[in-house]
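Survey of secondary and tertiary structure
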Amino acid sequence: MSIELPTLDIIEGSKEIATTGEETYAAKSKRSGEAKKGKVYIESYGCQMNFADSEIVAAILKQDGYSTTDSETDADVIFLNTCAIRDNAEQKIHSRLQSLKALKRKNPKLVVGVLGCMAERMKQSLFEQEKIVDLIAGPDAYRSIPQLIELAESGQKAANVFLSLEETYADITPVRREGVSAFLSIMRGCDNMCSFCVVPFTRGRERSRPFQTILDEIKMLSDEGFKEVTLLGQNVNSYNDEQGKVNFAELMYRASLIDEKMRIRFTTSHPKDISDELVSVIAERPNLCKFIHLPVQSGSTRILALMNRNHTREDYLKKIEMIQSKIPDCALSTDIIAGFCTETEEDHRETLSLLEQVRYDYAFTFIYSERPNTPAAKKLKDDVDNATKQRRLQEIVTLTKRIAAERYAESIGKVYEILIEGDSKRSSEMWMGRTDNNRVAVFPKTGQEKAGDFVKVRITNATAATLIGERI
Ligand code: 5AD
Ligand code: SF4
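Below, the structure is looked at part by part.

What counts, and where the lines are drawn
Residues numbered from 1 in each chain as written. Chains lettered and ligands numbered in written order. Predicted model: local features only at pLDDT ≥ 70, side-chain atom pairs only at ≥ 80, totals over all residues. Heavy atoms only, no water. Phe/Tyr/Trp six-rings, centres within 6.5 Å; stacked < 30°, edge-to-face > 60°. Lys NZ or Arg CZ within 6 Å of the ring centre and 35° of its normal. Near = heavy atom within 4 Å. Polar contact = N/O pair within 3.5 Å; in protein donor to acceptor, adjacent residues only side chain to side chain. Helix = DSSP H or I, 4+ residues; strand = E, 2+ residues; numbered from the N terminus. Buried < 20%, exposed > 50% of the residue type's maximum accessible area, 1.4 Å probe, protein only. 1 Å grid on protein atoms, 1.4 Å probe; cavity = no way out; pocket = protein on both sides within 12 Å on 5 of 7 lines; lining within 4 Å. Points joined across faces, edges and corners; volume = space filled by probe spheres on them. Nonpolar A, V, L, I, M, F, W, Y, C, P; charged D, E, K, R; others polar. Core = buried A, V, L, I, M, F, W, Y, C linked by side-chain atoms within 4.5 Å. Salt bridge = Lys/Arg side-chain N within 4 Å of Asp/Glu carboxyl O. Pairing = 2+ DSSP bridges.

Glancing now at the packing of aromatic side chains. Summed over all chains, the structure comprises five aromatic pairs. Members of the aromatic cluster, joined through ring pairs, are Phe196, Phe340 and Tyr368. Just above the ring of Phe454 sits the side chain of Lys261; from NZ or CZ to the centre is 5.1 Å. Across from the ring centre of Trp431, 4.3 Å away, lies the NZ or CZ of Lys445, which sits over that ring.

Rendered as structure tokens:
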């Protein structure tokens, strides 16, 4: 299968703002002037990266005099930060745009913008399909949002979907909500070109943020009282700065030294880039969490080749063995796609047997959804019927739940350090927190602890998704 790289797109027929190029001092002072601008409401969909991007968008807007609001009825500008990974993610946005029509009728000056992957994928066709949309900005175009809003306010359709080879927003400190745990993007884009995936086309080429800016931000988060940070990227473990001098293992090592009490997580990783060095660093440094999300997608080598995953079933299982030998208590999770093109019952059974072999704590499971213009859409037939896809998905879900329940039951009687995140969803008498290996735990409040504390909890019971315990 040939590898096609994303192109840089220019929209015709709508005003373009280039993000590169110096802005004059006068223009800058005018834009960052004291004058209060409108209120912006941002709704985020999809992966954690999108949620982190919304915090970057909020920072860019704040710098420009806008404020953010949690109420859509109060807003002058509404942004949907979108996902395009599966068709149903896009359908959600289409119906959300329908529901915004009433607000636009009441306030014709309201600017409605679509940000993120769906904006990048659909480009100007989104204006044609959804008349309510005034503005679109792709993932590398967020610095130009203030100018795009001005254009939209003057009644023009405004768009910027340039993909960049350099943009990492390294100099922008995201506007985060207070809390225990923070997300921090360390790289953007993806060069892997899995045949089913739209991400290389919507988020562009891989690029890493300078390592010192990451370490500085972790220090700042620690000073602000955050107790956990998750390093984010489409493919974090191919992180590479200073021509390979600082790879992901090195970055994790340096990150772990900043605040030895601060937990460090990462997501998401590709099996080909899980190195011995990285796993050794995770094993050695106590505050690097013993949890790895390692998408496999399928247990069949034949399907993995069609997916252009660059690893076989055996390669993947070898990596798992290496992880389990260096970190015996490491928890694992994965992503699985059911019903990829040409998948047979035998391929499906290989996925089930891989799940039995690895024994994940959790699996994110998806039905294959053909995405326009991806290599799979161009070259392969989406030939597994929907009922079969659904049935296979169900079998995968049932099996992963059974295995997770068994694994969680093994925790009963053991003591874990839990980082308290807040009240449990079910009861304000209980705390909810996580173990180092990312298991959710709930336990009764004693009055002696608060959110953000690390406490020791003995596990007394477990379901397939939650540990139940008491503080010791
Ligand atoms: N159809 C179904 N699932 C997909 N994913 C990516 N593209 C598709 C698609 N076209 C899944 C993969 C990936 C996760 C983020 O989403 O499992 O790891
Ligand atoms: Fe998509 Fe594959 Fe890149 Fe993940 S690694 S974002 S599945 S192309």
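All residues adjacent to ligand 1 are Ile85, Arg86, Phe196, Gln297, Asp335, Ile337, Phe366, Ile367, Tyr368, Ser369 and Arg371. In this structure, Gln297 approaches ligand 1 through a side-chain N or O atom, which is 2.6 Å from an oxygen atom. Ser369 has a polar backbone atom sitting 2.7 Å from a nitrogen atom of ligand 1. Those elements giving two or more residues to the shell around ligand 1 turn out to be strand 16 (331-338) and strand 17 (362-367).

The subject of this paragraph is the side chain of Glu43. Tracing the sequence through the fold places Glu43 in strand 2 (residues 39-44). A residue is classified by how much of its surface remains accessible, and Glu43, at 14% relative accessible area, is buried. Looking at Glu43, its side chain comes within polar contact range of the side chain of Tyr41, at 2.8 Å.

Within this structure, the stated rule accounts for one cavity of 30 Å³ or more. Of the volumes computed, that of the largest cavity is approximately 70 Å³. For the largest cavity, the lining is made up of 13 residues, of which Ile56, Pro174, Arg176, Ser185 and Arg209 are closest to its centre. Mapped onto the lining of the largest cavity, the elements with two or more residues apiece are helix 2 (48-63) and strand 8 (181-185).

It is worth spelling out the site of ligand 2 at this point. Looking at ligand 2, the residues that line it are Cys190, Asn192, Met193, Cys194, Phe196, Cys197, Val199, Pro200, Gln234, His270 and Arg309. For the shell around ligand 2, the per-class residue count stands at seven nonpolar, three polar and one charged.

It is worth spelling out the nonpolar core at this point. Within the largest apolar cluster, 52 residues are counted, with the highest numbers of intra-cluster contacts made by Ile186, Leu231, Tyr239, Phe248, Leu251, Met252 and Ile292. Within the second largest apolar cluster, 25 residues are counted, among which are Ala84, Leu97, Leu103 and Leu126.

A separate point is the pattern of salt bridges. This structure, assessed with the given rule, holds 44 salt bridges. Glu72 serves as the salt-bridge partner of Arg96, at 2.7 Å between the closest nitrogen and oxygen. With Arg96 in helix 3 (residues 87-99) and Glu72 in the loop between strand 3 (67-68) and strand 4 (77-82), the pair connects residues that are 24 residues apart, well separated along the chain. With relative accessibility at 26%, the residue Glu72 sits in the partly exposed group.

Glancing now at the environment of Ser195. You can see Ser195 is positioned in the loop between strand 9 (187-188) and helix 8 (199-203). Ser195 sits 214 residues away from Ala409 along the chain, and the two C-alpha atoms are 38 Å apart.

Once that is clear, we can look at the pairing of strand 19 (residues 430-434). Here four bridges tie strand 18 (residues 415-423) to strand 19, and the two strands are oriented antiparallel to one another. Its bridge partner being in strand 19, Ile420 is matched across the sheet by Gly433. In this structure, the hairpin formed by strand 18 and strand 19 is closed by a connection of six residues. Bridge count between strand 19 and strand 20 (residues 440-444): five bridges; the pairing is antiparallel. Considered in strand 20, the bridge of Arg434 is made with Val440. Hairpin remark: strand 19 followed by strand 20, antiparallel, with five residues in the connecting loop; positive phi at Asn438, about 75°.

That is the geometry; function is a separate question.
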